[in-house]
Amino acid sequence: MKITFLGHASLLIEVEKATILVDPFISGNEKASGKIDIKGLNPDYILVTHAHQDHILDVEAIAKAAGAIVVSNFEIATHYEAKGIKAHPMNHGGQWQFDFGTLKYVHAIHTSSFPDGSYGGQPGGFILTTQDKTIYIAGDTALTMDMKLIPLSADLDLAVLPIGDNFTMGINDAVLAADFIGCDNILGYHYDTFGYIEIDHAAAINAFEKAGKKLHLLDIGATLTI
Ligand code: NI
Ligand code: MN
């Protein structure tokens, strides 16, 4: 499984049978827009954790250009279906077998309005299981006790956790989250994009190291293979 960081909370995940884009916010992210060409992404699926602008900005354009299927909660899926985009609706606790593997939509503690204020359902995260790897994409979330449910059904090879604080977990809570989910291999996201979420990279890596865990911080456009 290849995971490319596209800036902020945007990921491109390449698995054997599909290319999966997560929460595309690229054209409006000045740190990413010069480095990532959204026309070249060409995903088969777009996972959307919640309806905030910094997670959906490029969904419509990319989905229409690539013919991608949007996978999200019921409200977000319905929103894109009304625009003529194919979508697969899910809700918390549910999982579905896709052609590339299994997705489960899990709890996140956050909010989920669309930019115009309309209802974007409840925010979530995804557990993606393919033939050989299982990863957890937390979405925007606080540390939550529900994370302790994840290792009961998933043996994670990697977890993608927000670490930027202010709008989501910060570093210390993310270290605790890594314990809750039973995963020592963490990819950080949702940091440095704007002033509220700037972090000290060395301190973040050190905090995970002290807890016996590995924190990956990727440059925009860089790829992690697991
Ligand atoms: Ni958000
Ligand atoms: Mn966000």
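Shown above is the structure to which this text applies.
In this report, we go over the structure that sits alongside the text. (Residues numbered from 1 in each chain as written. Chains lettered and ligands numbered in written order. Predicted model: local features only at pLDDT ≥ 70, side-chain atom pairs only at ≥ 80, totals over all residues. Heavy atoms only, no water.)

As for the coordination of the nickel ion (ligand 1)
Perfect tetrahedral coordination of a metal by four donors corresponds to 109.5 degrees between them, and perfect octahedral coordination by six donors corresponds to 90 or 180 degrees. Donor atoms from the polypeptide that bind the nickel ion (ligand 1) are His-50 (NE2), His-52 (ND1), His-110 (NE2) and Asp-140 (OD), placed at 2.2 to 2.3 Å. Here the nickel ion (ligand 1) binds 4 donor atoms, and the angle range of 87 to 177 degrees at the metal identifies the geometry as irregular. Positions of the donor residues of the nickel ion (ligand 1), expressed as sequence spacing, correspond to H-x1-H-x57-H-x29-D. The metal-metal distance between the nickel ion (ligand 1) and the manganese ion (ligand 2) is 3.1 Å, with Asp-140 coordinating both. Taken together, the positions of His-52 in the loop between β4 (45-47) and α1 (53-56) and Asp-140 in the loop between β10 (134-137) and α4 (150-153) put the pair 88 residues apart, joining distant regions of the chain. (Donors = N, O, S within 2.8 Å, 3.2 Å for Na, K, Ca; no water. Tetrahedral: all angles 85-135°; square planar, octahedral: opposite > 155°, others 65-115°. Helix = DSSP H or I, 4+ residues; strand = E, 2+ residues; numbered from the N terminus.)

Points about the environment of Glu-198
Checked against the element boundaries, Glu-198 lands in the loop between β12 (185-189) and α6 (201-210). On a C-alpha basis, the gap between Glu-198 and Ile-163 in space is 9.5 Å, while along the polypeptide they are 35 residues apart.

Remarks on the coordination of the manganese ion (ligand 2)
Those protein atoms acting as donors to the manganese ion (ligand 2) are Asp-54 (OD), His-55 (NE2), Asp-140 (OD) and His-190 (NE2), and they sit at 2.1 to 2.2 Å. Asp-54 gets classed as buried once you look at its relative accessible area, which sits at 14%. (Buried < 20%, exposed > 50% of the residue type's maximum accessible area, 1.4 Å probe, protein only.)

Description of the sheet that holds strand β2 (residues 11-15)
An order of β6-β5-β4-β3-β2-β1-β14 is seen for the 7 strands of this open sheet, with the pairing classed as mixed. The open sheet is flanked by β6 (87-90) and β14 (223-225), the only strands paired with a single partner. Here the average twist between neighbouring strands, direction ignored, is 20 degrees. Summarising the sheet, strand β3 (residues 18-22) and β4 pair through 3 bridges and their orientation is parallel. Pairing of Val-22 across the sheet is with Leu-47, part of β4. (Pairing = 2+ DSSP bridges. Axes fitted to C-alpha atoms, helices over the stretch in contact; angles between N-to-C directions.)

Digging into the nonpolar core
Membership of the largest hydrophobic core comes to 56 residues, with the highest contact counts inside it found for Leu-11, Ile-13, Tyr-136 and Leu-161. Among the elements that take part in this core, helix α5 (residues 171-181) stands out by supplying 7 residues, more than any other. Listed in part, the 22 residues of the second largest apolar core include Leu-12, Ile-46, Ala-68 and Ile-76. (Core = buried A, V, L, I, M, F, W, Y, C linked by side-chain atoms within 4.5 Å.)

Quick notes on the pairing of strand β11 (residues 158-162)
The buried count for β11 comes to 5 of 5 residues, which makes it a mostly enclosed element. Alternating positions in β11 separate into two faces, Leu-158, Val-160 and Pro-162 on one and Ala-159 and Leu-161 on the other, with burial throughout. Sheet topology places β10 next to β11; 3 bridges connect them, and they run parallel. Counterpart to Ile-135 in the pairing with β11 is Leu-158. Taken together, the 4 bridges between β11 and β12 define a ladder with parallel strand orientation. Bridge pairing in β12 links Ala-159 to Ile-186. Between the parallel elements β11 and β12, the chain passes through α5 in a crossover that is right-handed. (Right-handed = clockwise from strand over helix to strand, strands pointing away.)

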